[in-house]
Amino acid sequence: MSNRIMIFDSTLRDGEQTPGAKLNAQEKLEIARQLARLNVDVIEAGFPISSGGDLRAVQGISREIKGPVITALARTVKEDIDCAWDSIREAEKPRIHVFLAASDIHMEKKLRRGPDECLQEAIQAVKYAKSLTNDVEYSLEDATRAREDYILKVIEAVIDAGATVVNIPDTVGYAVPDDFGKLIQKIMHKVPNINKATISVHCHNDLGLAVSNSLEAVKYGARQIECNINGIGERAGNAALEEIVTAMSIRKDAFPYDTEIKLNEIYRTSRLVSKLTGIPIPVNKAVIGINAFAHSSGIHQDGVLKDKETYEIINADLIGGQAGQMVLTARSGRHAVRHQLEAMNFELSEEEFEGFFVRFKELADKKKEVYREDLEALIVDVSYTVPTYELEYVQTVSGTRTIPAAVVRLNKGEESFEEVASGAGPIDAAYKAIDKITGLNTRLENYNLAAVTRGMDALGEVSIKVTYKDKTLIGRGVSTDIVEASVKAYIDSLNKHIRMLSYANNNHNHKSSNQKSSTGQYI
Ligand code: KIV
Ligand code: ZN
């Protein structure tokens, strides 16, 4: 038996059943594109009979997405199957996914039909779907609470009817790994035509066992896992895709199977799904929570600084995430604080560091977590008395057949400076005028303008990245006038530079940038 495990993503169907996670067609398409980049094998794009919007969304995905199989869900009725087929018929690799209850409780209480009737309905539905397309998946809803002899009978019958994939859902998250593994083992041994289909599992997380159950099933022969990004889904959600594939990658010894998932797309996919569904990622979520690579305890921080492997089993790069960060707290030791300062280009003498460390502890006692910005404020605190620039006014001219120009007046302490310059546009001209005043050689690396309020008189926030020699600084400015916001952002970065220089001169210990090998970023 092959070790290749097919990853079936149901984020756009079962995941979208998460309360509050409704997605429009455009959002579904955007997620489908990212799922294709992640390289999932199957995208369950929706349940088209549920709404016209979902039908159109699945059609859009089927037309555009190449690579993965595109499937749509249907009950065992002709109208559903026709609608599902209509939604995926243009896909490069279409699959119809049909389901019907398999447990007595579902058949008796929900469907009010007997097992024989349901079995016949399942066979007819699969035969009909098969007449439309070759790839047909059949799901035995609530299989883990069904009678074993009945599910073995259904599986054999739907395979005979043409099902290419048979899914064993733990619909209510009731299974435990040992029993679930044994159930899959029985299916693999007792269903005579089992070699004609792939066995799939679809585990819900009501007892927090969805990932464990899925991985256990694979050990006994399941070769497709249905799972969702960030583990979203009906009630407590479904097995989390990122946890399954990362566990298989990190613990290859325990799970000697292969998937085609591009692990370094996990982080991006997870963030996109969270953003578009509006379902936040819990901070402590395995693999993708923001705390998954953060170290807080002093002992852990010290260990990680000595060797990452002491407390990190997953490298953030593996999933395309950001490198682990130290969350400095009152429990952080000297080693961690010094490391963070060095990463920010500050190297203090022993004596200075001891003084700084006392101030750090005072701050950390008041504030639970201390970030880079806090450290920077603490370290440049001494230099806040140096005079910095303030904008008095900026006037610009620009327009068709006009050379853009600006006049800028800045105050610094008791002094006032004014300069005029022309440029490619009014902002460029204003920045050149400021450069004339300061005499600094700068390079604008990045410019971003965003509206922070609504309406015609919206406040615009400009954030920029400016390089001063080899130091990169971020500046921010807000105004209803975008030229003014841009000038304020430039002055903000300039003042940070002045404070840094002042600190360095006062202490003679802040190494010059060309002695350092770090990125040279203050923030
Ligand atoms: O949980 C479930 O049983 C399902 C089926 C439709 C596959 O989502
Ligand atoms: Zn489900």
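Residues numbered from 1 in each chain as written. Chains lettered and ligands numbered in written order. Predicted model: local features only at pLDDT ≥ 70, side-chain atom pairs only at ≥ 80, totals over all residues. Heavy atoms only, no water.

## Digging into the domain arrangement of the chain
Step number 1: Annotation of the chain at the domain level lists domain 1 (6–277), domain 2 (298–380) and domain 3 (390–506).
Step number 2: The straight-line distance from the C-alpha centre of domain 1 to that of domain 2 is 44 Å.
Step number 3: Contacts between the two partners involve eight residues from domain 1, matched on the other side by eight residues from domain 2.
Step number 4: The contact between domain 1 and domain 2 buries some 630 Å² in all, and 71% of this surface belongs to carbon and sulfur atoms.
Step number 5: Taken together, the links from domain 1 to domain 2 amount to zero salt bridges.
Step number 6: Broken down by secondary-structure element, the contributors of at least two residues to the side of domain 1 that touches domain 2 are helix 9 (241–250) and helix 10 (266–277).
Step number 7: Sort the elements by how many residues they give to the side of domain 1 that touches domain 2 and helix 9 lands first, with three residues.
Step number 8: Residues belonging to the side of domain 1 that touches domain 2 are distributed by class as follows: four nonpolar, three polar and one charged. (Domains from an automatic or database assignment. Contact = heavy atoms within 4.5 Å. Buried area = accessible area lost by both parts, 1.4 Å probe. Salt bridge = Lys/Arg side-chain N within 4 Å of Asp/Glu carboxyl O. Helix = DSSP H or I, 4+ residues; strand = E, 2+ residues; numbered from the N terminus. Nonpolar A, V, L, I, M, F, W, Y, C, P; charged D, E, K, R; others polar.)

## Thoughts on unusual backbone geometry
Step number 1: Even without glycine at this site, Asp142 takes up a positive phi of about 60 degrees.
Step number 2: Locating Asp142 in the fold gives a position in the loop between strand 5 (136–141) and helix 6 (148–161).
Step number 3: With a phi angle near 55 degrees, Arg235 is a residue other than glycine that sits in the positive phi range.
Step number 4: Tracing the chain through its elements places Arg235 in the loop between strand 8 (224–227) and helix 9.

## Here's the deal with helix 2 (residues 52–64)
Residues spaced three or four apart along an α-helix face the same direction, because each turn holds 3.6 residues.
Step number 1: With 13 residues, helix 2 should cover 18 Å at 1.5 Å per step; its first-to-last C-alpha distance of 19 Å lies within 8% of that length.
Step number 2: Three or more residues of helix 2 are buried, namely Asp54, Leu55, Ala57, Val58, Gln59, Ile61 and Ser62.
Step number 3: Buried-residue contacts for helix 2 involve helix 1 (25–38), strand 2 (42–46), strand 3 (69–75) and helix 3 (78–88). (Expected span 1.5 Å × (residues − 1). Buried < 20%, exposed > 50% of the residue type's maximum accessible area, 1.4 Å probe, protein only.)

## Comments concerning the coordination of the zinc ion (ligand 2)
Around a metal, the idealised angle for a tetrahedral arrangement of four donor atoms is 109.5 degrees; for an octahedral arrangement of six donor atoms it is 90 or 180 degrees.
Step number 1: Bound to the zinc ion (ligand 2) are the protein donor atoms Asp14 (OD), His202 (NE2) and His204 (NE2), situated 2.0 to 2.2 Å from the metal.
Step number 2: Read in sequence order, the donor residues for the zinc ion (ligand 2) give the motif D-x187-H-x1-H. Taken together, the residues span a long stretch of sequence, with Asp14 in the loop between strand 1 (6–9) and helix 1 and His204 in the loop between strand 7 (198–203) and helix 8 (210–219) at a distance of 190 residues. An identical accessibility class is assigned to Asp14 and His204; each is buried. (Donors = N, O, S within 2.8 Å, 3.2 Å for Na, K, Ca; no water.)

## So, the packing of aromatic side chains
Step number 1: Per the counting criterion, the structure on display carries five aromatic pairs.
Step number 2: Centre to centre, the rings of Phe357 and Phe360 are 5.8 Å apart; their planes meet at 25 degrees, and the pair counts as stacked. Of this pair, Phe357 and Phe360 are both found in helix 13 (residues 350–366), three residues apart, which corresponds to roughly one turn of the helix. For the pair Phe357 and Phe360, one class covers both residues: buried.
Step number 3: Each member of the aromatic cluster is reached from another via a ring pair, and the members are Phe353, Phe357 and Phe360.
Step number 4: In this structure, Arg338 packs its charged tip against the face of Phe353, placed 4.3 Å from the ring centre. (Phe/Tyr/Trp six-rings, centres within 6.5 Å; stacked < 30°, edge-to-face > 60°. Lys NZ or Arg CZ within 6 Å of the ring centre and 35° of its normal.)

## Concerning the pattern of salt bridges
Step number 1: Enumeration over the complete set of coordinates arrives at 37 salt bridges.
Step number 2: For Arg334, the salt bridge is made with Glu354, and the minimal N-O distance between the two is 3.0 Å. Taken together, the residues Arg334 in helix 12 (residues 334–343) and Glu354 in helix 13 connect sequence positions 20 residues apart.
Step number 3: On the basis of relative accessibility, which here comes to 30%, the residue Glu354 falls in the partly exposed class.
Step number 4: Through salt bridges with shared partners, a single ionic network connects Glu16, Lys22, Lys28 and Asp54.

## Focus: the sheet that holds strand 14 (residues 471–479)
Step number 1: Taking strand neighbours across the sheet as the criterion, the three strands line up as 12-13-14 in an open arrangement whose pairing is antiparallel. The open sheet has two free edges, formed respectively by strand 12 (442–451) and strand 14, since each of these has just one partner strand. Pairs of neighbouring strands in the sheet enclose a mean axial angle of 15 degrees, with direction left out of account.
Step number 2: Relative to strand 13 (residues 460–468), strand 12 is paired through nine bridges, and the arrangement is antiparallel. Paired with Thr442 across the two strands is Tyr468, which belongs to strand 13. (Pairing = 2+ DSSP bridges. Axes fitted to C-alpha atoms, helices over the stretch in contact; angles between N-to-C directions.)

## Things to note about the site of ligand 1
Step number 1: Within the structure, ligand 1 sits among Arg13, Asp14, Leu73, Phe99, Ser139, Glu141, Asn167, Pro169, Thr171, His202 and His204.
Step number 2: At 3.1 Å from an oxygen atom of ligand 1 is found a side-chain nitrogen or oxygen belonging to Asp14.
Step number 3: Contact distances for ligand 1 include 3.0 Å between an oxygen atom and a side-chain N or O atom of His204.
Step number 4: Surface burial for ligand 1 is 94%, taken as the share of its 260 Å² of free accessible area covered by protein chains.
Step number 5: Put simply, the parts of the chain that give the shell around ligand 1 at least two residues each are strand 5 and strand 6 (165–170).
Step number 6: Grouping the constituent residues of the shell around ligand 1 by class yields three nonpolar, five polar and three charged. (Near = heavy atom within 4 Å. Polar contact = N/O pair within 3.5 Å; in protein donor to acceptor, adjacent residues only side chain to side chain. Areas by Shrake-Rupley, 256 points an atom, 1.4 Å probe, with all protein chains shown as cover.)

## A short note on the nonpolar core
Step number 1: Within the largest apolar cluster, 98 residues are counted, with the highest numbers of intra-cluster contacts made by Tyr138, Leu140, Val166 and Ile168.
Step number 2: Of all the elements, helix 6 adds the most residues to this core, at nine residues.
Step number 3: A domain-level breakdown of this core finds at least three residues from each of domain 1 (6–277) and domain 2 (298–380).
Step number 4: In contact with Val166, not counting residues within four places along its chain, are Tyr138, Leu140, Ile155, Val158, Ile159, Ala197, Thr198, Ile199 and Ser200.
Step number 5: Residues Ala406, Ile427, Ile434 and Leu473 belong to the second largest nonpolar core, which totals 26 residues. (Core = buried A, V, L, I, M, F, W, Y, C linked by side-chain atoms within 4.5 Å.)

## Remarks on the side chain of His97
Step number 1: Structurally, the position occupied by His97 is in strand 4 (residues 94–101).
Step number 2: Looking at His97, the relative accessible area reads 2%, which means it is buried.
Step number 3: Polar contacts involving the side chain of His97 include one to the side chain of Glu44, which spans 2.6 Å.
Step number 4: Polar side-chain contacts of His97 include one of 2.6 Å to the side chain of Ser139.

## Details of the packing of helix 5 (residues 115–132) against helix 6
Step number 1: Remark: helix 5 packs on helix 6, axes separated minimally by 9 Å, with the N-to-C direction vectors making an angle of 25 degrees. Relative to helix 6, the element helix 5 lies roughly parallel. For the element pair helix 5 and helix 6, the recorded crossing hand is right-handed. Every residue of helix 6 that contacts helix 5 at Pro115, Asp116, Cys118, Leu119, Ala122, Ile123, Val126, Lys127 and Lys130 is listed here: Tyr150, Lys153, Val154, Ala157, Val158 and Ala161.
Step number 2: Considered class by class, the residues forming the contact of helix 5 with helix 6 number eleven nonpolar, no polar and four charged. (Parallel < 35°, antiparallel > 145°, perpendicular 65-115°, else oblique. Left-handed = near helix turned anticlockwise from the far one by under 90°.)

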